[in-house]
Amino acid sequence: MLLQIPPSTFLKELREQIPLVHCITNYVAMDIAANVLLAVGASPAMVHAEEEAGEFAKLAGAITINIGTLSSGWLRGMEAAAIAATQSGKPWVLDPVAHYATAFRRDATELLLKLGPTIIRGNASEIIALAGGAFRGKGVDTGDDVEHAKHSARLLADRHGAVVAVTGAVDFITDGKRAFRIEGGSVLMPRVTALGCSLTCLVGAFAAVRPGAPFEATVAAVATFAVAGELAADKSEGPGSFSWRFLDALGAIDGPCLDHRARVTTA
Ligand SMILES: Nc1ncnc2c1ncn2[C@@H]1O[C@H](COP(=O)(O)OP(=O)(O)OP(=O)(O)O)[C@@H](O)[C@H]1O
Ligand SMILES: Cc1ncsc1CCO
Ligand SMILES: [Mg+2]
């Protein structure tokens, strides 16, 4: 393992600390994302109202913001939460779901990016489009390979001073200086909705454990998904059984299994 802090350290500390993760995510993802966090051992709270999101963010160890089912009121809640996170020095994660699809999403993403996310997590089309490249995404689904998004990810990491995670068949994570690829997971993962959104929330949970190490935290969260995805796929008959087996695998995974099975290499 080339990492300074192995994934198992984050998993152990997460289970000791049970961090409160303030998730502003979409209607589709709320249930599965909360279950993913509970399965691993964190404490999720899905709070998006503009009246309280800024106040709530101060209670949490990390904040995650996903624009999947955006509306004006939600956007004001996101803005308040991002500002509160930055002011209190807490890590926050941006998931710019299909930000290229409409002017409303593009403007919202531009506004949120200016608030300085600690980590940006998206699929290949989202990351390529965010860097201004030609992309082939359709709605919320990627039409591009992670391989083609590496340059865009590096560019975004430099431009925003953020950790950037691109997910897909092989994941890629960079902070502009270092970069790792993570193999694993399953072809069934993109056939269950909102697993990417759930991963964004898990990245927040791992970042809450060690706010000073967002790069290693992102690698640890993505590696946990890759290993749990492999374990779950072993026995699954299709997307349905994969979905619940994946939660079981996230609950059952322990530190030695995670470090042993994680396939993290320099990119
Ligand atoms: N073909 C694949 N093989 C293995 N793992 C995959 C594959 N595609 C996606 N994954 C994994 O699925 C998880 C979600 O990533 P994905 O890129 O599908 O997110 P997303 O497109 O944002 O998803 P969503 O918008 O539905 O939440 C990641 O852990 C990723 O590694
Ligand atoms: C299907 C879907 N639609 C808006 S958000 C979302 C979850 C996957 O991104
Ligand atoms: Mg997504």
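Residues numbered from 1 in each chain as written. Chains lettered and ligands numbered in written order. Predicted model: local features only at pLDDT ≥ 70, side-chain atom pairs only at ≥ 80, totals over all residues. Heavy atoms only, no water.

(A) Highlighting the site of ligand 1. What surrounds ligand 1 is a group of 18 residues, the closest being Arg-121, Thr-167, Asp-171, Gly-196 and Cys-197. Measuring from an oxygen atom of ligand 1, one finds a backbone N or O atom of Gly-168 at 3.2 Å. In the model, an oxygen atom of ligand 1 is placed 2.7 Å from a nitrogen or oxygen of the Asp-171 side chain. Protein chains bury 88% of the 630 Å² of accessible surface belonging to ligand 1 in isolation. Of all the secondary-structure elements, those providing two or more residues to the shell around ligand 1 are β5 (119-123) and α8 (195-209). The element best represented in the shell around ligand 1 is α8, accounting for 4 residues. Across the shell around ligand 1, the residue classes tally to 9 nonpolar, 7 polar and 2 charged. (Near = heavy atom within 4 Å. Polar contact = N/O pair within 3.5 Å; in protein donor to acceptor, adjacent residues only side chain to side chain. Areas by Shrake-Rupley, 256 points an atom, 1.4 Å probe, with all protein chains shown as cover. Helix = DSSP H or I, 4+ residues; strand = E, 2+ residues; numbered from the N terminus. Nonpolar A, V, L, I, M, F, W, Y, C, P; charged D, E, K, R; others polar.)

(B) Inspection of the packing of helix α9 (residues 214-235) against helix α10 (residues 239-252) at higher detail. With their axes 8 Å apart at the nearest point, α9 and α10 run at an angle of 125 degrees to one another. Accordingly, the angle class assigned to the pair α9 and α10 is oblique. The hand of the α9/α10 crossing is right-handed. Counted together, Thr-224, Phe-225, Ala-228, Gly-229, Leu-231, Ala-232, Ala-233 and Lys-235 of α9 and Phe-242, Arg-245, Phe-246, Ala-249 and Leu-250 of α10 form the full contact between these two elements. Residue composition of the contact of α9 with α10, by class: 9 nonpolar, 2 polar and 2 charged. (Axes fitted to C-alpha atoms, helices over the stretch in contact; angles between N-to-C directions. Parallel < 35°, antiparallel > 145°, perpendicular 65-115°, else oblique. Left-handed = near helix turned anticlockwise from the far one by under 90°. Contact = heavy atoms within 4.5 Å.)

(C) Representation of the state of the cysteines in the model. Under the counting rule described, the total for this entry stands at 0 disulfides. In this model Cys-23 remains outside any disulfide bridge; the closest cysteine sulfur is found in Cys-201, 3.6 Å from its own. Residue class for Cys-23 comes out buried when judged on its relative accessible area of 2%. (Disulfide = S-S within 2.5 Å. Buried < 20%, exposed > 50% of the residue type's maximum accessible area, 1.4 Å probe, protein only.)

In short, geometric facts, not functional conclusions.
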